[in-house]
Amino acid sequence: MRPSWDQYFLKLAMLASERATCPRMHCGCVLVRHKHVLATGYNGSLPGLPHCDDIGCLIVNDHCIRTNHAEMNAITQAAKNGVSIAGATAYVTNMPCTTCAKALIGAGIKRVVVFSDYHSTHAETFFREADVRLDRQEMPETLIKYDLADYSSAKSFDSCKDEVSERKP
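Residues numbered from 1 in each chain as written. Predicted model: local features only at pLDDT ≥ 70, side-chain atom pairs only at ≥ 80, totals over all residues. Heavy atoms only, no water.

Chemist: Would you mind going over the packing of aromatic side chains in detail, with residue names and values included?
Modeler: Counted under the stated rule, the structure contains five aromatic pairs. For the pair Phe9 and Tyr91, a centre-to-centre distance of 5.2 Å together with 40 degrees between the ring planes defines the contact as tilted. Placement of Phe9 in helix α1 (residues 5-17) and of Tyr91 in strand β7 (residues 89-92) is noted, with a sequence separation of 82 residues between them. The pair formed by Phe9 and Tyr91 is uniform in burial state, with each residue classed as buried. Cluster of aromatic residues (ring-pair linked, three or more members): Trp5, Tyr8, Phe9 and Tyr91. (Phe/Tyr/Trp six-rings, centres within 6.5 Å; stacked < 30°, edge-to-face > 60°. Helix = DSSP H or I, 4+ residues; strand = E, 2+ residues; numbered from the N terminus. Buried < 20%, exposed > 50% of the residue type's maximum accessible area, 1.4 Å probe, protein only.)

See below:
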């Protein structure tokens, strides 16, 4: 069955989260306006700095401070590329932390869609006060359904190589 737009973008956020480099939390964020992806982010270290996966987490007050959160990385990706995210929707795998919620509000995000909560956050309060719509959705199916055998116009690389070798004199 074809996924709804919300399920589609949440699945993209799940895919982005696979790039995360902090073992304490894999989170992904996709910023979307008018059904078009503006920017993506995942939990990861600052550009050029070591990752938690490589040298371990840097824990302060029970939080890893080595990484930027997915929402911050999506916001900075948009800023670096000159993309306005005002009026956009943030699709995030987890409820944003308080700091990320404030950053999303400050950047002009008008809707946040999540499928899981996060401990010790005041995000919901800030979203409500800032008139940012918060939608909790069911977690999308984790399987991507794509099988080349189902599509008559698609061929695997192996079958293409076989055709080329058959044509060679």
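Chemist: Let's hear about the environment of Cys27: which residues, and what values?
Modeler: Counting through the fold element by element, Cys27 comes out in the loop between α1 and β1 (28-33). Residues Cys27 and Pro50 lie 23 residues apart in sequence; the distance between their C-alpha atoms is 18 Å. The residues touching Cys27, leaving out its near neighbours within four places in the chain, are Ser17, Ala20, Gly41, Tyr42, Asn43, Ala70, Val92, Thr93 and Asn94. (Contact = heavy atoms within 4.5 Å.)

Chemist: So, the layout of surface pockets: which residues are in play, and what are the values?
Modeler: Of the pockets and cavities examined, the largest pocket occupies roughly 500 Å³. Within the lining of the largest pocket, the residues separate by chemical class into nine nonpolar, two polar and four charged. In this model, the second largest pocket occupies a volume close to 310 Å³. Forming the walls of the second largest pocket are 16 residues, and the residues nearest its centre are Tyr42, Ser45, Pro47, Asn73 and Thr76. At the level of secondary structure, the elements contributing two or more residues to the lining of the second largest pocket comprise β2 (36-42), β3 (44-45) and α3 (70-80). With four residues, α3 is the largest single contributor of residues to the lining of the second largest pocket. Taken together, the residues of the lining of the second largest pocket sort by class into three nonpolar, 11 polar and two charged. (1 Å grid on protein atoms, 1.4 Å probe; cavity = no way out; pocket = protein on both sides within 12 Å on 5 of 7 lines; lining within 4 Å. Points joined across faces, edges and corners; volume = space filled by probe spheres on them. Nonpolar A, V, L, I, M, F, W, Y, C, P; charged D, E, K, R; others polar.)

Chemist: Explain the pattern of salt bridges to me, using residue names and the numbers behind them.
Modeler: Under the criterion given, the structure shown has seven salt bridges. Residue Asp62 pairs with Arg24 through a salt bridge whose shortest N-O separation is 3.6 Å. Remark: Arg24 occurs in the loop between α1 and β1 and Asp62 occurs in the loop between β4 (59-60) and β5 (63-64); sequence separation between them is 38 residues. Of the residues examined, Arg24 reaches a relative accessible area of 44% and is grouped as partly exposed. What you see here is one network of salt bridges that share partners, running through Asp6, Arg111, Arg133 and Asp135. (Salt bridge = Lys/Arg side-chain N within 4 Å of Asp/Glu carboxyl O.)

Chemist: Let's hear about a nonpolar patch on the surface: which residues, and what values?
Modeler: A surface patch of nonpolar side chains, about 430 Å² in accessible area, is lined by Ile144, Tyr146, Leu148 and Tyr151. By the secondary structure assignment, Tyr151 is in the loop between β9 (133-136) and α6 (157-167). Take Tyr151: its relative accessible area is 38%, and that puts it in the partly exposed class. (Patch = residues over 30% accessible without salt bridge, like charges linked within 9 Å, V, L, I, M, F, W, Y side chains within 5 Å. Areas by Shrake-Rupley, 256 points an atom, 1.4 Å probe, with all protein chains shown as cover.)

Chemist: An account of the side chain of Asn73 is needed here, citing residue identities and associated values.
Modeler: Checked against the element boundaries, Asn73 lands in helix α3. Asn73 gets classed as buried once you look at its relative accessible area, which sits at 18%. One polar contact links the side chain of Asn73 to the main-chain carbonyl oxygen of Tyr42, over a distance of 2.7 Å. Beyond its immediate stretch of four places on either side in the chain, Asn73 contacts Thr40, Gly41, Tyr42, Asn43, Gly44 and Asn68. (Polar contact = N/O pair within 3.5 Å; in protein donor to acceptor, adjacent residues only side chain to side chain.)

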